[in-house]
Amino acid sequence: MTMIEGTPLPSTDDPGDAPFWEAARRGELVVQTCGACGQRRFPPRPMCPKCQSLEHTWQPVSGEGRIWSFVVPHPPLLPAFAQVAPYNVIVVELAEDPSLRMVGNLVAAAGGPINEIDPATIAIGTPVRVVFEQVTDDVALARWVVA
Ligand SMILES: [Zn+2]
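What this report covers is the structure whose coordinates are included nearby. As the structure is a prediction and not an experimental result, all values here were calculated from the model. (Residues numbered from 1 in each chain as written. Predicted model: local features only at pLDDT ≥ 70, side-chain atom pairs only at ≥ 80, totals over all residues. Heavy atoms only, no water.)

## Digging into the coordination of the zinc ion
Put simply, the ideal angle at a metal is 109.5 degrees for four donors in tetrahedral geometry and 90 or 180 degrees for six donors in octahedral geometry.
Here comes step 1: Summarising the metal site, the zinc ion is bound by the protein donors C34 (SG), C37 (SG), C48 (SG) and C51 (SG), whose distances to it range over 2.3 Å.
Here comes step 2: For the zinc ion, the four donor atoms are set out with angles of 102 to 114° between them, so the coordination reads as tetrahedral.
Here comes step 3: Between the donor residues of the zinc ion, the gaps in sequence give the motif C-x2-C-x10-C-x2-C.
Here comes step 4: What makes C51 partly exposed here is its relative accessible area of 30%. (Donors = N, O, S within 2.8 Å, 3.2 Å for Na, K, Ca; no water. Tetrahedral: all angles 85-135°; square planar, octahedral: opposite > 155°, others 65-115°. Buried < 20%, exposed > 50% of the residue type's maximum accessible area, 1.4 Å probe, protein only.)

## Observations regarding the sheet that holds strand β1 (residues 30-34)
Here comes step 1: With antiparallel pairing, three strands are arranged side by side in an open sheet as β2-β1-β3. Taken across any chain shown, the strands that pair with only one partner, and hence form the sheet edges, are β2 (40-41) and β3 (56-60).
Here comes step 2: In this sheet, β2 lies alongside β1 in antiparallel orientation, the contact comprising two bridges. Bridging across to β2, Q32 finds its partner in R41. (Pairing = 2+ DSSP bridges. Helix = DSSP H or I, 4+ residues; strand = E, 2+ residues; numbered from the N terminus.)

## Observations regarding the sheet that holds strand β7 (residues 127-134)
Here comes step 1: One open sheet accounts for five strands, arranged β6-β5-β4-β7-β8; its pairing is antiparallel. Here the strands that pair on one side only, and so sit at the sheet edges, are β6 (97-104) and β8 (140-146). Between one strand axis and the next, the sheet turns through 45° on average, direction left out of account.
Here comes step 2: Those strands touched by helix α1 (residues 18-25) are β6, β7 and β8, and its axis lies near 60° from that of β8. (Axes fitted to C-alpha atoms, helices over the stretch in contact; angles between N-to-C directions. Contact = heavy atoms within 4.5 Å.)

## Remarks on a negative patch on the surface
Here comes step 1: A cluster of acidic side chains, namely D13, D14, D137 and D138, defines a negative patch on the protein surface.
Here comes step 2: The topology assignment puts D137 in the loop between β7 and β8. (Patch = residues over 30% accessible without salt bridge, like charges linked within 9 Å, V, L, I, M, F, W, Y side chains within 5 Å. Areas by Shrake-Rupley, 256 points an atom, 1.4 Å probe, with all protein chains shown as cover. Salt bridge = Lys/Arg side-chain N within 4 Å of Asp/Glu carboxyl O. Lys, Arg positive; Asp, Glu negative; His and termini not counted. Charge placed at Lys NZ, Arg CZ, Asp CG, Glu CD.)

## A few points about the packing of aromatic side chains
What describes a pair of aromatic rings is the distance from one ring centre to the other and the angle between the planes of the rings.
Here comes step 1: The tally for this structure, following the rule as stated, stands at three aromatic pairs.
Here comes step 2: Relative to W21, the ring of F20 lies with its centre 5.0 Å away and its plane at 90°, an arrangement referred to as edge-to-face.
Here comes step 3: The buried category is assigned to F20, whose relative accessible area is 10%.
Here comes step 4: Residue classification places W21 among the buried positions, given a relative accessible area of 12%.
Here comes step 5: The rings of F20, W21 and F42 are connected pair by pair, giving a single aromatic cluster.
Here comes step 6: The ring of W68 is capped by R101, whose NZ or CZ atom sits 3.7 Å from the centre of that ring. (Phe/Tyr/Trp six-rings, centres within 6.5 Å; stacked < 30°, edge-to-face > 60°. Lys NZ or Arg CZ within 6 Å of the ring centre and 35° of its normal.)

Laid out in structure tokens, this is it:
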């Protein structure tokens, strides 16, 4: 584990997104899928933005995508992140639907630190795939490596 001391962590027992975190612990990336029209959506929310249905399931996606954008955060930062700056935060568009975007970090390999990639080498459009890092017993975070 490379979790930085003091890193804010998500609640994993909220019924609205608990299935996402359960899947992440299994090393699987899932997104909400409308039970009426089949529209995938992320981040999770109770109602389909396309047809307003409240029915949904959680369906696996490939975990492949492309870097849609990225930033290199600068101070002021939360103390947990200040100690590892500069690091990257990337936005990934998923292969199944480019309108589905997830925020994470580009790492060299699963479990690697979020500051080991030189930000000058990150390019929008680069193919990436998801990896998971189990940072606590409850929380596995999706991170990304170059595909
Ligand atoms: Zn729908």
